[in-house]
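Chains, contacts and geometry: an overview
These are the residues of each chain, in order.
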Amino acid sequence: MSPAGSGPGRPDIGCDHPTFLSFRRTPLSDTPQGATAPEVILYSTAICPYCVAAKNFLKSKGRDWTEVRIDLDPAEREKMIARAKRTSVPQIFVGEVHVGGYDDMIALHRAGKLDALLAGETA
Ligand SMILES: N[C@@H](CCC(=O)N[C@@H](CS)C(=O)NCC(=O)O)C(=O)O
């Protein structure tokens, strides 16, 4: 059986990861929302399973985000590349901190470091 996300009948959209939604949903965290919580910026495009997975994950944590659609705005795409030094989406920033893509955000979560970052706590 071919993995989800690949194989006949699926368009090639430049994504190679088969398990976009494989993370365990965590309960809503008590990450503070408000003046001290830094803004989450998520650069995305319309057809991007990793972007969907990243947004689902943030939703599962009770966090909102500002989405910047780089497929609709070439100037924002240039800005994203300048900030992230990457062309793939999503690119996620928490305040001025570049988290990276979906995998990077999950790695940070698994390392137990994401909540503090989302809460605006400095290391
Ligand atoms: N490991 C990256 C993969 C991101 C990825 O492959 N994104 C696709 C869209 S879903 C993409 O931007 N492909 C075009 C490119 O790499 O420039 C992540 O977890 O964010």
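Residues numbered from 1 in each chain as written. Predicted model: local features only at pLDDT ≥ 70, side-chain atom pairs only at ≥ 80, totals over all residues.

When its secondary structure is counted, the protein shows 4 helices and 4 strands. Out of the 123 residues belonging to the protein, those deemed buried represent 23%. (Helix = DSSP H or I, 4+ residues; strand = E, 2+ residues; numbered from the N terminus. Buried ≥ 20, exposed ≤ 12 C-beta atoms within 10 Å, placed from the backbone.)

Moving on: helix 1 (residues 49–60). Taking 1.5 Å of rise per residue, 12 residues should cover 16 Å, and helix 1 covers 16 Å from first to last C-alpha, within 8% of that figure. The secondary structure elements touched by the buried residues of helix 1 are strand 1 (40–44), strand 3 (91–94) and helix 3 (102–110). Looking one or two residues beyond helix 1, the residue adopting positive phi is glycine 62, at roughly 75°. (Expected span 1.5 Å × (residues − 1). Contact = placed C-beta atoms within 7 Å.)

A word on the nonpolar core. Ranked by internal contacts, the top residues of the largest apolar core, which has 23 residues, are Ala54, Ile92 and Met105. Within the residue set of this core, elements represented by two or more residues are strand 1, helix 1, strand 3, helix 3 and helix 4 (114–119). No other element matches helix 1, which puts 5 residues into this core. With residues near it in sequence (within four places) discarded, methionine 105 still touches Ala54, Phe57, Ile92, Val99, Gly100 and Leu114. (Core = buried A, V, L, I, M, F, W, Y, C linked by C-beta atoms within 7 Å.)

Residues of helix 3 that are buried: Tyr102, Met105 and Leu108. Buried residues of helix 3, viewed axially, fall in a sector of 125°; they line one side. Facing away from the buried side of helix 3 by over 90 degrees, the exposed positions are Asp103 and Arg110. On its buried side, helix 3 packs onto helix 1, strand 3, strand 4 (97–100) and helix 4. (Arc of directions from axis to C-beta.)

Spatially, the 4 strands line up as an open sheet ordered 2-1-3-4, and their pairing is mixed. Of all the strands in the sheet, just strand 2 (66–69) and strand 4 have a single pairing partner and so form its edges. With strand direction ignored, the average angle separating the axes of adjacent strands in the sheet is 25°. As paired strands, strand 1 and strand 2 are joined by 4 bridges and run parallel to one another. The residue of strand 2 that forms the bridge with leucine 42 is glutamate 67. (Pairing = 2+ DSSP bridges. Axes fitted to C-alpha atoms, helices over the stretch in contact; angles between N-to-C directions.)

Here we come to the environment of leucine 42. With respect to the element layout, leucine 42 can be found in strand 1. C-alpha separation for the pair leucine 42 and glutamine 91, spaced 49 residues apart in sequence, amounts to 5.8 Å. Every residue in contact with leucine 42, bar those within four places of it in the chain, is listed here: Ala54, Lys55, Trp65, Glu67, Pro90 and Ile92.

What follows deals with the confidence of the model for the protein. Across the protein, the average pLDDT comes to 83, with 70% of residues at or above 70. Confidence drops under pLDDT 50 across residues 18–28; counting only partners more than four residues distant or on other chains, this segment forms 17 contacts. (pLDDT = per-residue confidence, 0-100.)

Here we come to unusual backbone geometry. In this chain, valine 89 is followed by proline 90 through a cis amide linkage whose omega measures 0°. Counting through the fold element by element, proline 90 comes out in the loop between helix 2 (74–84) and strand 3. Its identity is not glycine, yet lysine 85 carries a phi of approximately 60°, on the positive side. With respect to the helices and strands, the residue lysine 85 is situated in the loop between helix 2 and strand 3.

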